[in-house]
Amino acid sequence: MAKKPNILFIMADQLRADYLACNGHPSIQTPHIDALAARGINFTRAYCQAPVCGPSRMSFYTGRYASSHGASYNNVPLRVGEKTLGDYLRPEGYRVGLVGKTHMRRDDEGMQRLGIDAQSSRGVLIGECGFEPFERDDGLHPDQSVNPDLKYNDYLRSQGYEGKNPWHDYANSAQGEDGEVLSGWYMRNSHLAARVREEDSETAYSTRRAMEFIEQSKGSPWCLHLSYIKPHWPYIAPAPYHQMYGKDDILPVVRSEQERQQPHPVVGAFMGHPESTAFAQDDVRERVIPTYMGLITQLDDHIGRLMAFLQQQGELDNTLIVLTSDHGDYLGDHWLGEKELFHDASARIPMILVDPRAEADATRGVRCEQLVEAIDLVPTFVDWACGDSLDGDSFDHVLEGRSLLPLIRGEAPDQWRTHAFSEADFAWRPARIELGLETDQARAFMVTDGRWKYVHYEHFSPQLFDLAADPGELQDLALDPEYAAQCAELEAALNRWFRERKMRITVSNNQVARSTGSAHKRGYLFGLW
């Protein structure tokens, strides 16, 4: 590579790992994502650290677990002192930009306490999760007053889409037989075409803005977080993607009557949420999931556009590419809708990395089954970008993930992780009230060693699944005495994980090592006779 590698960090919102052809889906068309998997390495056992947008993304951006960075749910501010990806890459000369969604809430109280002006250059970076907000759009704008500065709405108006909130009225609504607006918020309308032209849809617009960022960044290395809003709801797609798939193309539902008749108390409470009762109906699944698939194929087509653009710009062979998602989508599996709990439909994510360097040739097209976590990306990017330029003090006292570079090179890393973890804070959900929990009691933690998956619920019995014998996670074994040893082993692994968290983040491990036992040399003569 002639210069430091660029980094293209692509995230799709709510994209299930198994809704890609390269991950085994029998009918979905994702040729461009499949091409990335063929050019790079496909991590098939990757897990997010919290199956909800906000805390998952904060883990992606900090390289730390959700209860370490503290932003445990949507709209919980990320502490002003947490370092994010931009803090690591910007000193290395990178332009670190955002196009799309972060779901980050600014820590206004912390900034006020420190006297940081939110409109200053420093305040903007802190308030935008360390990214230069080239185009921030978190989507989900039921009312224009939520985000009066939304550039996408300005763009839509410039293209002739009139009204207070064309995001809703055109990009996320259909048109009825009498010309009425049919909101995409209602899943009954998801089979209809969005009122927006495909080239003006959110996915197309975000891709175009990404190209503009790349074009403007020539001459210096850049890291672009291209964070697509779709296939997250509202489930509505522009033509022709709205009718590309039918009910025969969707995966069979993964659920059992036993799950519904004798659910775990927490899972049962989530089954009572409106999204779950809707997706429990076959006609809802058969209408919504084909559109969900259409949105994925639309995303794939625009990723193809973006790859062609990088090739045209001469940047493809100098750009490290990641494709992932913040979490999955139940889509009716286990009688659930949305995400938030820990079945693979929700907590497992796609993770494809393409390193164009010759050192990565050994793993091109490889499906890697090592346990990988979302928090591994920041240390991987730091490893890629910084190389040998790091001084004696590394970031291993802060970052809780591990660099994936050895796996990408086909090496066998020493003591690779034996477990992956995820966690949930469902204090804001109706399930908490139904369960009679206080706001600080609605916590759950998942640990998997690849064979077994164990879920610890505060104040309730755990769950245990044998992923080898029961990949659909339909049979909870936790209360079977025959599996007490597996439960105890995974509970112990969870307890070790709590004890090993990185809380001393203001002094590096190298600094500690250099000063160990040096008190007398520094003049502190305690304990001498």
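Right above here is the structure, for reference.
Every residue gets a number counted from 1 within its own chain, in the order that chain's sequence is written. The predicted nature of this model means local features are confined to residues of pLDDT at least 70 and side-chain atom pairs, given and counted, to a pLDDT of 80 or more, with totals for whole chains, interfaces and linings taken over all residues. Remark: hydrogens and water are excluded; side-chain values derive from all non-hydrogen atoms of the structure.

**Q** I'm lost on helix α7 (residues 151-158) in this one. Help?
**A** Along α7, the positions that sit buried rather than exposed are Y152, N153, Y155 and L156. Each buried residue of α7 lies within a common arc of 155 degrees when the element is viewed along its axis, so the set occupies one face. Of the surrounding secondary structure, the elements contacted by the buried residues of α7 are β5 (132-136), α8 (166-171) and α9 (202-216). Phi turns positive one or two residues past the end of α7, at G160, with a value near 100 degrees. Relative accessibility decides the category of a residue: with a 1.4 Å probe and only protein chains considered, values under 20% of the type maximum give buried, values over 50% give exposed, and everything between is partly exposed. Under the scheme used here, helices are H or I runs from DSSP no shorter than 4 residues and strands are E runs no shorter than 2 residues, and both carry numbers assigned from the N terminus. Throughout, the arc means the angular range of directions from the helix axis out to the C-beta atoms. We call two residues in contact when some of their heavy atoms are within 4.5 Å.

**Q** Help me out: how do you make sense of the sheet that holds strand β16 (residues 452-457) in this one?
**A** Each strand in a sheet pairs with its neighbour through backbone hydrogen bonds, running either in the same direction (parallel) or in the opposite one (antiparallel). Pairing between strands is defined by DSSP: at least two bridges between the two strands are required. The four strands are arranged β14-β15-β16-β17 in an open sheet whose pairing can be described as antiparallel. The two strands at the open ends of the sheet, each matched to only one other strand, are β14 (420-425) and β17 (463-466). Strand-to-strand twist across the sheet, computed as the mean angle between neighbouring axes with direction ignored, equals 15 degrees. Sheet analysis places strand β15 (residues 443-448) next to β16, joined by five bridges and oriented antiparallel. The partner of T448 across the bridge, within β16, is K453. Axis geometry follows a simple rule: fit a line to the C-alpha atoms, using only the stretch in contact for helices, then measure angles between N-to-C directions, giving values from 0 to 180 degrees. Of the strands in this sheet, β14, β15, β16 and β17 touch helix α18 (residues 484-499), which is tilted by about 65 degrees from β16.

**Q** I keep staring at the pairing of strand β9 (residues 319-325) and nothing clicks. Help me out?
**A** Here is the key point about a regular strand: its side chains alternate between the two faces of the sheet. Among the seven residues that make up β9, seven are buried, leaving the element largely enclosed by the rest of the structure. Side-chain alternation along β9 places T319, I321, L323 and S325 on one buried face and L320, V322 and T324 on a second face that is also buried. Bridge count for strand β1 (residues 6-13) against β9 is seven bridges, and the pairing is parallel. Looking across to β9, one finds that M11 is bridged to T324. Here four bridges tie β9 to strand β11 (residues 351-354), and the two strands are oriented antiparallel to one another. Residue pairing across strands places V322 opposite L353, the latter belonging to β11.

**Q** Looking at this model, I keep getting lost on the side chain of R501. Mind explaining?
**A** Locating R501 in the fold gives a position in the loop between α18 and α19 (509-515). When near neighbours in sequence (up to four residues on either side) are disregarded, R501 contacts Y65, S67, S68, E400 and E423.

**Q** Before we go on, may I ask you to explain the sheet that holds strand β3 (residues 46-47) in this structure?
**A** Reading across from one edge, β10-β3-β13 is the order of the three strands in this open sheet, with mixed pairing throughout. For this open sheet the edge positions go to β10 (348-349) and β13 (372-373), each flanked by a neighbour on one side alone. Two elements, β3 and β13, share two bridges in a ladder whose sense is parallel. In the strand pairing of β13, Y47 is matched with E373.

**Q** Quick question: what am I supposed to make of the pairing of β16 here?
**A** Burial within β16 is extensive, with six of its six residues counted as buried. Of the two faces of β16, the one carrying W452, Y454 and H456 and the one carrying K453, V455 and Y457 are both buried. Where β16 hands over to β17, the hairpin turn is made up of five residues, of which H459 adopts a positive phi near 75 degrees.

**Q** What is the right way to look at the side chain of S227 in this model?
**A** Considering the arrangement of structural elements, one finds S227 in strand β8 (residues 222-231). Owing to a relative accessible area of 1%, S227 belongs among the buried residues under this scheme. Polar contacts, as counted here, are pairs of nitrogen or oxygen atoms within 3.5 Å of one another; within protein the pair requires one atom able to donate a hydrogen and one able to accept it, and residues that are adjacent in sequence qualify only if both atoms are side-chain atoms. In this structure the side chain of S227 is engaged in a polar contact, spanning 2.8 Å, whose partner is the side chain of R57. A distance of 2.7 Å separates a polar side-chain atom of S227 from the backbone oxygen of K101. Those residues in contact with S227, other than ones at most four positions away along the chain, are M11, R57, L98, V99, G100 and K101.

**Q** I would appreciate a short explanation of the packing of aromatic side chains in the present structure.
**A** By convention here, two paired aromatic rings are described through the distance between centres and the angle between planes. Two aromatic rings, drawn from Phe, Tyr or Trp (for Trp, its six-membered ring), form a pair once their centres lie within 6.5 Å of each other, and the interplanar angle then sorts them: stacked below 30 degrees, edge-to-face above 60, tilted otherwise. This structure, assessed with the given rule, holds 26 aromatic pairs. Here the aromatic rings of Y65 and F421 are separated by 6.4 Å at their centres, their planes lie at 90 degrees, and the arrangement is edge-to-face. Of this pair, Y65 sits in the loop between α2 (53-62) and α3 (66-69) while F421 sits in strand β14, and the two are 356 residues apart along the sequence. Considered together, Y65 and F421 belong to a single accessibility category, that of buried residues. A ring pair is formed by Y152 and Y155, whose centres lie 6.5 Å apart and whose planes are at 15 degrees; its orientation type is stacked. Of the two residues, Y152 and Y155 both sit in helix α7, three residues apart, roughly one turn of that helix.

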